[in-house]
Amino acid sequence: MTASRGRMGNQGRHAWLAAVAFALALGACAPKIVQHGNVPDEDQVVQIQPGQDNMARVQQLLGSPSTRGTFGEEVWYYVSKRTHQTAFFEPEVVDQGVLAISFDQEGIVNDLKIYDRNDGRLVAMVDRETPTHGNQLTIIQQLLGNFGRFDPDSSSAPKAPGGTGPSLPGASN
């Protein structure tokens, strides 16, 4: 009877350890949600009045923009993206948005536009390399290429007074 109790106790312990290991494995696979960028509060965005508010007021309400227009500061962009990743799988974009605020020449808000995932476009990356002209050196040529090219005694640059090289013009020794 004691032998069967020992086996039952071991089986119960193994089942308990298996249940704990299974729970830990499930916990390790819990999705990870990551927020990138600046998500302006909707209550603050609706306070911005085109034709009335200026850049200082927008920055006071929403903070600094994620980026500004390429050729000037006439457009401010507040960019955000939220991703969801489970274990080792690729992250999946759950939500992304861009708030674009354009200003006129005096810095007064012209227009507000909100872009979401549906407004985006995929950009295909190009795998080409830019050709360069000149010699293509091996790693050995690159490592050994400068040996013997410099002679410390024939330096043409004047040295400061007190140095061991030639003196500066007009300095007395």
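Residues numbered from 1 in each chain as written. Predicted model: local features only at pLDDT ≥ 70, side-chain atom pairs only at ≥ 80, totals over all residues. Heavy atoms only, no water.

## Here we look at the overall build of the protein
Which entries qualify depends on this criterion: Secondary structure elements follow DSSP: runs of H or I of four or more residues count as helices, runs of E of two or more count as strands, with numbering from the N terminus. Using a 1.4 Å probe on the protein chains alone, a residue whose accessible area is under 20% of its type maximum counts as buried, one over 50% counts as exposed, and one in between counts as partly exposed. Residue contacts are defined here by distance: any two heavy atoms, one from each residue, within 4.5 Å place the two residues in contact. Here the open area of atoms and residues is found with the Shrake-Rupley method and a 1.4 Å probe, where only the protein chains shown may cover a residue.
Counting its secondary structure elements, the protein contains four helices and five strands. Overall, the protein shows an N-to-C arrangement of helices and strands of α-β-α-α-β-β-β-β-α. Within the protein, buried positions represent 12% of all 173 residues. Residue pairs in contact within the protein that sit at least 24 positions apart in sequence constitute 42% of those at least 6 positions apart. Surface exposure of the protein reaches about 14500 Å², of which carbon and sulfur atoms provide 54%.

## Overview of the pattern of salt bridges
Here is the rule: Any Lys or Arg side-chain nitrogen found within 4 Å of a carboxyl oxygen on Asp or Glu counts as a salt bridge.
All told, the structure shown has two salt bridges when counted by the stated rule. Close ionic contact of Arg57 with Asp53 constitutes a salt bridge, the shortest N to O distance being 3.8 Å. On the accessibility criterion, Arg57 (28% relative accessible area) is partly exposed. Here Arg82 and Asp95 are joined by a salt bridge, their closest N and O atoms 3.6 Å apart.

## Here's the deal with the confidence of the model for the protein
Short version of the rule: Within a predicted model, pLDDT stands for the predictor's per-residue confidence, ranging from 0 to 100.
Counting all residues, the mean pLDDT for the protein is 78, and 76% of those residues have values of 70 or more. Averaged over each element, pLDDT in the protein is lowest for helix H1 (residues 2-28) (66) and highest for helix H3 (residues 55-62) (93).

## Observations regarding the nonpolar core
Applied cut-off: Side-chain atoms within 4.5 Å link the members of a nonpolar core, which is a set of buried Ala, Val, Leu, Ile, Met, Phe, Trp, Tyr and Cys residues.
Ranked by size, the top nonpolar core spans 11 residues in total: Val45, Ile48, Val58, Leu61, Leu62, Trp76, Tyr78, Leu99, Ile101, Phe103 and Val109. Going through the elements one at a time, H3, strand E3 (75-85) and strand E4 (92-103) are the ones with two or more residues in this core. When residues no more than four places from it in sequence are discounted, the contact partners of Ile48 are Asp53, Val58, Leu61, Leu62, Ile101, Val109 and Leu112.

## Observations regarding H3
So the rule is basically this: As used here, the arc belongs to the directions running from the helix axis to the C-beta atoms.
Turning to H3, its buried residues are Val58, Leu61 and Leu62. Here the buried residues of H3 occupy an arc of 75° about the axis, which is enough to place them on one side. In H3, those exposed residues whose orientation departs by more than 90 degrees from the buried face are Ala56 and Gln60. In this fold, the buried residues of H3 make contact with helix H2 (42-45), E3, E4 and strand E5 (109-116).

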